[in-house]
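Each chain, written out:
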Amino acid sequence: MPRFLRKLLSVRNLIFKPKAGSDEIAEERWTADFSKPKHARFDIKSESSYDANLQKFGSRRCLSLGIKKTRCIAWVEAPECRYRDQIIDARVRVDAHGGYAAAGLMFRMVDDKTYYSFLISNKGYFRLDVLRNGMPLPLIGWTELPDQAAAEIAASHAVDFTIIAYGSHIVLLVRGRWVAEINDSTIFEGSLCFTAASYDPSGDSLDDARLSSLLFSPVPESGASLYTAETFLESLTVDSRITEAAALYEKWSASPDIDPRCRFRLAETFTAMNQHKAAMLELRKAWDTPGYKPQQKELLLAGRLAQQLGLASEAEQYISQCFQSDVDTPEGKEAVTEMAKILYACERYKELKDYCAEAVKLRPDDPVLINFRGHAYWSLKEYKHAAAAYDRAFELDNENGLLAKNAANVYEVLGKKKEALSRYLAAGRVFLRAGNYDDLGLLVPKLFSLGEDSQEAHGLAGKWAFGIEDWKMAAREFEKADALRKKKRSRAPKDATILYLRALLLIQDGKRAEALPLLEEAASLEKDYPLFRFKLAENRFLLNDDPDDSALRADLEAALALDPGGGWINNFAAQLCLRKGDLESAEGYLDNAASALGDVPAIRVNKAELLSLKGETGEALKLLAVDKADDPDGMMANCAGNLLVRAGRYEEAGEYYRKALEAAPDTVEYLINRASCLIELGLYGEADSILTHAHSIAPSPTVLELISYVASKKGEFSRAEAACNQALEMESRHVPSLLSLAWVLINLGKEKEAWDCLARLDELDLNKGAAAKREELRARLDERRYTTVPCASCSRSWKILRNPPVVQGIRLFAMPPENLPAGSCVDCGKTWCIGCAKNHLDSSGRFICPVCGKPLRLVKDGLKKLIYDWAAENGLVGNAKRKRGRPRKNP
């Protein structure tokens, strides 16, 4: 080849250097160019939950990620090159729009389930995680940034950081200062991504959010930002040359420039992560800094870490140094108490007793110190002093149930059962308030042994059982508590909480009517507690299905007055307004609910209902069209099914109900809805199977009434009757079951029993819909029992029994009133009233047919009974005493 051609080829190869393949490890120094997408190396594309694009910021261009919903993590990958050892220099900026967000880089990314992630939040913290095969592992939890960097990121200013990944070593720098180092060999190579996360405004971290559902944020108002957070990668440089990575790692691995305060912050993080050895190592490295003197807070932390690591002598040394340097500081005071903990852990009880005697002079109101004094007395079997110490500790900290429990243990040993039970109950109340069912459960056997005749002991045990969802035990203990209360001459006032929980147990068993008086009583005892009034209102609605019920309105208004911003109360108020068609008020309540609860599925469901009632069913379905991950309980799919049923689109509705059941297979509401949809499609067999499954999960009158309906459609009337009777055994006033049973009995020819059902319905206060169904039933029963006989000439008619009893013949000596029947023609069969037949008499004065001239006779016993009843009423039958004058006429 000619020499000039070889030179030309060499120059060409320098200009057009081949890119590393996706499986090759690149060694290069590369700076991202954000001028155009094709130069950036990043696969810049947007998804439904975020937007990715290049933007101009000042005189520079950057890569931006705008996240549209909270509890979401998004990334943009640079898949072109894979790196192993590398130095990553980057600058990020976070605009959380008043919320909580973070930005950073994923590196050594193998796929979307295996990578390292480094994030810096707008709250001034950083973290490092590794995800392997979808399993997250925090390497460094949220750790405070150096002061200046924290202030910059909080003010939405850009922050520079460096990641040094060399073999299994990862070193992190922020604004050129060392902040952390970790050794992890999970992943050694992979690509790079710009990543961002938007958290719940309450501050849940990524770890907490991973297993939570991803929820869409509310649709922004006009002029508001489309995003919950925006993050910007303003610059990025990667140097993957191994020599450079090794050199920079060596520089920082033994650098005297590392700020001991950064090591202390890292030690605090490792302590919170229960990595005590790593935390202690960071403290010791901080103290090795030339000229650095350990601070009190560091000595206090070291003492606690040493205890966790079983280094008692070192712990004692650190704690002594801490409080000896200045006992009046917060750390010095804590160290005084910490020393008592060390002595107790070492079982040096005599020393602990003597130490606490002096220490309480310095900290007389420290419940922890006094509790350790009680431990010393207990271990030395000085029980009276121990009881006094524990009582004093609980007096100082009455929200620490363990202190009361300690006192109870001592009184039990002393044989003072009354005092022991009193302390156990006090401890139990504290545990219950804190939702600490584990410690409360440990007390329950003591409550049973010492408080067999104690109303409060059984009530507390019942509350614990309710909390752990042992419904049978809860009901049993509540009954015992009530029975004990009734036995006392001076009855203690009822416990509103127990009444409320008993009501919830009845509701769970499908007995809402029985629960109603308990909820009413609970609300009357605790008039200022909004939850009780809200649940009472909700139960009234679910029981009677009448949004205009005056009692329901009063309860809801009271609940709103007590808690105007209550999310669930406002949500319920919105539901009632939707039922009444008051869309404007419903929208206001939903806004209040969303402000309190956020964009939870329940709020989104009611917003969709609102759109549907406005005639925007398509928009409503769009609002509910979310991924399975965003609807973990199937609530939105169920709502979409309901909207489609209302529109008569049953097959489409069935698909949505199926999706809802995929998310929550044993949700009875979804099973009922799907079965109802199948009934509309005439698929009674499949509907029957689903309802049977629902009944096996949670028997209720509602499910049984539907089973009865399906059985009737299948011609299984005896089974339908049994289902209704079973439903009424559960709730004797269940209106739908009474109505269904009456119709089933009609089909079985049991009209007398059907009339009994109607009589039971007449005793109930029914809403408009149920009352209309009752009158329909009454009309049908009347139709089957009675027949109407019209006068052939005028508009008069008579309602008579189809199968009347035989009426004995009577002889009349007076003319009945004109509105009664004269008789039916023996020839043409027409019936005439006396008023129309009175001018058509034969020679003997008997009625004859005006058409045929044939005699009229009272052939039908039903017509005879009308005449007989008139005669009996006027004393003209049998041995009744004859009255003087003409018999009175009917009005």
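Above this text you will find the structure in question.
None of the values given here were measured: they were computed from a predicted structure.

**Student:** Can you break down the overall build of the protein residue by residue, with the values?
**Tutor:** Scanning the protein from N- to C-terminus turns up 37 helices and 19 strands. Here the protein has a C-alpha radius of gyration of 42 Å; the compact-globule value for 891 residues is 29 Å, and the former is much larger. Referenced to the eigenvectors of the C-alpha coordinate spread, the extents of the protein come out at roughly 145 × 100 × 45 Å. For the protein, with 891 residues in total, the buried portion stands at 47%. Partitioning the intrachain contacts of the protein with sequence separation of at least 6 by distance along the chain shows that 57% fall at a separation of at least 24. Approximately 44900 Å² of the protein is accessible, and the part contributed by carbon and sulfur atoms is 49%. Placing the 123 positive and 126 negative side-chain charges of the protein at their respective mean positions leaves the two points 7 Å apart.

**Student:** Which residues make up the pattern of salt bridges, and what values go with them?
**Tutor:** Summed over the entire model, instances satisfying the criterion amount to 63 salt bridges. For Arg-304, the salt bridge is made with Glu-338, and the minimal N-O distance between the two is 3.0 Å. Highlighted residues: Arg-304 in helix α8 (residues 296-308) and Glu-338 in helix α10 (residues 330-345), separated in sequence by 34 residues. Between Arg-774 and Asp-762 there is a salt bridge, with the nearest N and O atoms lying 3.7 Å from each other. Pair noted here: Arg-774 is in helix α35 (residues 768-785) and Asp-762 is in helix α34 (residues 751-762), with a separation of 12 residues, a long-range link. Here Arg-774 falls in the buried class, since its relative accessible area comes to 15%. In the salt-bridge network here, residues are joined through shared partners; they are Arg-304, Glu-334, Glu-338 and Lys-341.

**Student:** Which residues make up the sheet that holds strand β19 (residues 856-857), and what values do they have?
**Tutor:** In spatial order, the strands read β18-β17-β19; together these 3 strands make up an open sheet with antiparallel pairing. A single partner strand is all that each edge strand has here, and the edge strands are β18 (831-833) and β19.

**Student:** How would you explain the packing of helix α7 (residues 276-287) against α8 if you had to name every residue and give the values?
**Tutor:** Taken N-terminus to C-terminus, the directions of α7 and α8 make an angle of 145°; their axes are 10 Å apart at the nearest point. Crossing geometry of α7 relative to α8 is assigned as left-handed. Of the residues in α8, those in contact with His-276, Ala-279, Met-280, Leu-283 and Trp-287 of α7 are Glu-298, Leu-299, Leu-301, Ala-302, Leu-305, Ala-306 and Gln-308. When grouped by side-chain class, the residues that make up the contact of α7 with α8 number 9 nonpolar, 2 polar and 1 charged.

**Student:** I'd like to hear about the packing of aromatic side chains, residue by residue, with values.
**Tutor:** Across all of its chains, the model carries 19 aromatic pairs by this definition. With 6.1 Å between their ring centres and 40° between their planes, Phe-118 and Phe-126 make a pair best called tilted. An aromatic cluster of three or more residues is present, and its members are Trp-30, Phe-34 and Phe-42. Stacked on the ring of Phe-232, the Lys or Arg Arg-93 has its end atom at 4.1 Å from the ring centre. Sitting above the plane of the Tyr-656 ring, Lys-659 keeps its charged end 5.1 Å from the centroid.

**Student:** With reference to specific residues and values, describe the nonpolar core.
**Tutor:** With 152 residues, the main nonpolar core has Phe-42, Phe-107, Leu-172 and Leu-236 as its most contacted residues. The greatest single-element share of this core, amounting to 9 residues, is contributed by helix α19 (residues 496-508). Among residues more than four places away in sequence, those in contact with Phe-107 are Ile-88, Tyr-115, Tyr-116, Phe-118, Leu-128, Ile-163, Ala-165, Ile-170, Ser-191 and Leu-192.

**Student:** Give a description of empty space enclosed by the protein that names residues and reports values.
**Tutor:** Tallied over the entire structure, the rule returns 3 cavities of 30 Å³ or more. Considering the residues around the largest cavity, the lining is formed by Gln-455, Phe-478, Ala-481, Asp-482, Arg-485, Lys-494, Asp-495, Ile-498, Leu-499 and Arg-502. For the lining of the largest cavity, the secondary-structure elements that each account for two or more residues are α18 (471-487) and α19. At 4 residues, α18 tops the list of elements feeding residues into the lining of the largest cavity.

**Student:** Break down the sheet that holds strand β8 (residues 125-132) for me, with residues and values.
**Tutor:** Ordered in space as β4-β13-β6-β7-β8-β9, the 6 strands form an open sheet in which the pairing is antiparallel. Edge positions in the open sheet fall to β4 (72-83) and β9 (135-144), since each of these has one partner strand only. Each adjacent strand pair in this sheet contributes to an overall mean axis angle of 15°, direction not counted. Across 7 bridges, the pairing between strand β6 (residues 101-111) and strand β7 (residues 114-121) is antiparallel. If you follow Asp-111 over to β7, its bridge partner there is Thr-114.

The rules we used
- Along every chain, residues carry numbers that run from 1 in the direction the sequence is written.
- Thresholds applied to this predicted model are a pLDDT of at least 70 for local features of residues and 80 or more for the giving and counting of side-chain atom pairs; totals over whole chains, interfaces and linings are not thresholded and use all residues.
- Side-chain numbers here rest on the full set of heavy atoms in the structure, without hydrogens or water.
- Helix and strand assignments follow DSSP, with helices taken as H or I runs no shorter than four residues and strands as E runs no shorter than two, numbered in order from the N terminus.
- Radius of gyration means the value over C-alpha atoms here, while the globule rule gives 2.2 Å times the residue count to the 0.38 power.
- Per-residue accessibility, obtained with a 1.4 Å probe over protein chains only, is compared with the maximum for each type, and a residue is labelled buried under 20%, exposed over 50%, and partly exposed between these values.
- Contacts between residues were defined by any pair of non-hydrogen atoms, one from each residue, lying within 4.5 Å.
- Under the convention used here, a 1.4 Å probe and the Shrake-Rupley method define accessible areas, while residue burial counts only the protein chains that appear.
- The charged-residue count follows a simple rule in which Lys and Arg add positive charge and Asp and Glu add negative charge, with His and chain termini not counted at all.
- In this description, the location of a charge corresponds to atom NZ of lysine, CZ of arginine, CG of aspartate or CD of glutamate.
- For salt bridges, the criterion is a side-chain nitrogen of Lys or Arg within 4 Å of an Asp or Glu carboxyl oxygen.
- Strands are treated as partners if at least two bridges between them are detected by DSSP.
- Axes, fitted as lines to C-alpha atoms, cover a helix only where it is in contact. Angles between the N-to-C directions of the axes lie from 0 to 180 degrees.
- The crossing is said to be left-handed when, going from far helix to near helix, the turn is anticlockwise and less than a right angle, and right-handed when the turn is clockwise.
- Each residue receives one of three labels: charged for Asp, Glu, Lys and Arg, nonpolar for Ala, Val, Leu, Ile, Met, Phe, Trp, Tyr, Cys and Pro, and polar for the others, Gly being one of them.
- Stacked, edge-to-face and tilted are the three classes for Phe, Tyr and Trp ring pairs, Trp counted by its six-membered ring, which pair at centre distances within 6.5 Å; planes under 30 degrees apart are stacked, over 60 edge-to-face, the rest tilted.
- Remark: a charge is flagged as sitting over a ring if the NZ atom of Lys or the CZ atom of Arg is within 6 Å of the ring centre and within 35 degrees of the ring normal.
- Residues belong to a common nonpolar core when they are buried Ala, Val, Leu, Ile, Met, Phe, Trp, Tyr or Cys residues joined through side-chain atoms within 4.5 Å.
- Throughout, the protein atoms alone are placed on a 1 Å grid, and a set of points is a cavity if a 1.4 Å probe fits but cannot get out or a pocket if it is open with protein on both sides within 12 Å along at least five of seven lines; lining residues have an atom within 4 Å of a point.
- Grid points are joined across faces, edges and corners, and a volume is the space filled by probe spheres set on the points.

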